[in-house]
Amino acid sequence: MARPIKIQHPTPQTRSVAQVALPIGMYCNKSLQTAKVGDVVQFQCDWRKDKRVITNICRFRINSPEFTFMLRSIYGENMTIAKLMERWEAWAVVEGIGAAGIDHESCVILEVKEDESK
């Protein structure tokens, strides 16, 4: 068994965070591009609508090792950029934006928590 690597830093606290990678573009998620920490977002899936508060927001360059790391951290080891692009393009076509309506170079990653003011 290998010896542990020593790190001079306090042990990170285990915490559960909710993160999501979202496409952006000229007409795609335009309001997200100016969103700030503390803003409320509403996730919609069929009839369900869930409000959450943004705790962190960051623009990522898609074709980068950092984004690949985040993508696998959020969606699991089997997720690839190609699969994600396929999903986003299909969603953009259904929404009427068109596959070319999303930015294929950058996206937004949100970290959210439940709205405790309810």
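Coordinates for the structure precede this section.
Residues numbered from 1 in each chain as written. Predicted model: local features only at pLDDT ≥ 70, side-chain atom pairs only at ≥ 80, totals over all residues. Heavy atoms only, no water.

J.: Describe the nonpolar core, listing the residues and the values that go with them.
T.: Of all hydrophobic cores here, the largest spans 15 residues; its most connected members are Phe67 and Trp88. Listed by contribution, the elements that provide at least two residues to this core are helix 1 (65–75), helix 2 (81–94) and strand 4 (106–114). When residues in this core are grouped by element, the largest group, 4 residues, is from helix 2. Once residues within four sequence positions are removed from consideration, Trp88 is found in contact with Ala21, Leu22, Pro23, Ile62, Ile102 and Cys107. If you look at the next biggest cluster of nonpolar residues, it comprises 10 residues, including Val20, Leu22, Ile54 and Val112. (Core = buried A, V, L, I, M, F, W, Y, C linked by side-chain atoms within 4.5 Å. Buried < 20%, exposed > 50% of the residue type's maximum accessible area, 1.4 Å probe, protein only. Helix = DSSP H or I, 4+ residues; strand = E, 2+ residues; numbered from the N terminus. Contact = heavy atoms within 4.5 Å.)

J.: Explain helix 1 to me, using residue names and the numbers behind them.
T.: Along an α-helix, residues three or four apart share an orientation, since each turn contains 3.6 residues. For helix 1, the set of buried residues is Phe67, Met70 and Leu71. Angular distribution of buried residues about the axis of helix 1 spans 105°; they occupy a single face of the element. Facing away from the buried side of helix 1, by more than 90 degrees, are the exposed residues Pro65 and Phe69. The elements touched by buried residues of helix 1 are strand 1 (18–23), strand 3 (48–61), helix 2 and strand 4. (Arc of directions from axis to C-beta.)

J.: Mind laying out the sheet that holds strand 4, listing which residues take part and the relevant values?
T.: The strand order across the open sheet built from 4 strands is 1-4-3-2, with neighbouring strands paired in antiparallel fashion. Two strands lie at the open edges of the sheet, namely strand 1 and strand 2 (40–45), each paired on one side alone. Each strand axis lies, on average, 45° off the axis of its neighbour in the sheet, ignoring direction. Note that strand 2 and strand 3 share 6 bridges and pair antiparallel. Residue Val41 lies in a different strand from strand 3, and its bridge partner there is Arg52. On the sheet, helix 1 packs against strand 1, strand 3 and strand 4 and is oriented at approximately 125° with respect to strand 1. (Pairing = 2+ DSSP bridges. Axes fitted to C-alpha atoms, helices over the stretch in contact; angles between N-to-C directions.)

J.: How would you sum up unusual backbone geometry? Please name residues and give values.
T.: A positive phi angle, near 50°, is found at Asn29, a position not held by glycine. By the secondary structure assignment, Asn29 is in the loop between strand 1 and strand 2.

J.: Now, about helix 2: what can you tell me, with residues and values included?
T.: Helix length check: helix 2, at 14 residues, gives a terminal C-alpha distance of 20 Å against a target of 20 Å (1.5 Å per residue), a fit within 8%. Buried positions along helix 2 lie against strand 1, helix 1 and strand 4. Downstream of helix 2 by a residue or two, Gly96 has a phi angle that is positive, lying close to 85°. (Expected span 1.5 Å × (residues − 1).)

J.: Just give me the short version of the pattern of salt bridges, but keep the residues and values in it.
T.: Overall, the coordinates contain 1 salt bridge when judged by the stated rule. Between Asp50 and Arg48 there is a salt bridge, with its nearest N and O atoms 2.8 Å apart. (Salt bridge = Lys/Arg side-chain N within 4 Å of Asp/Glu carboxyl O.)

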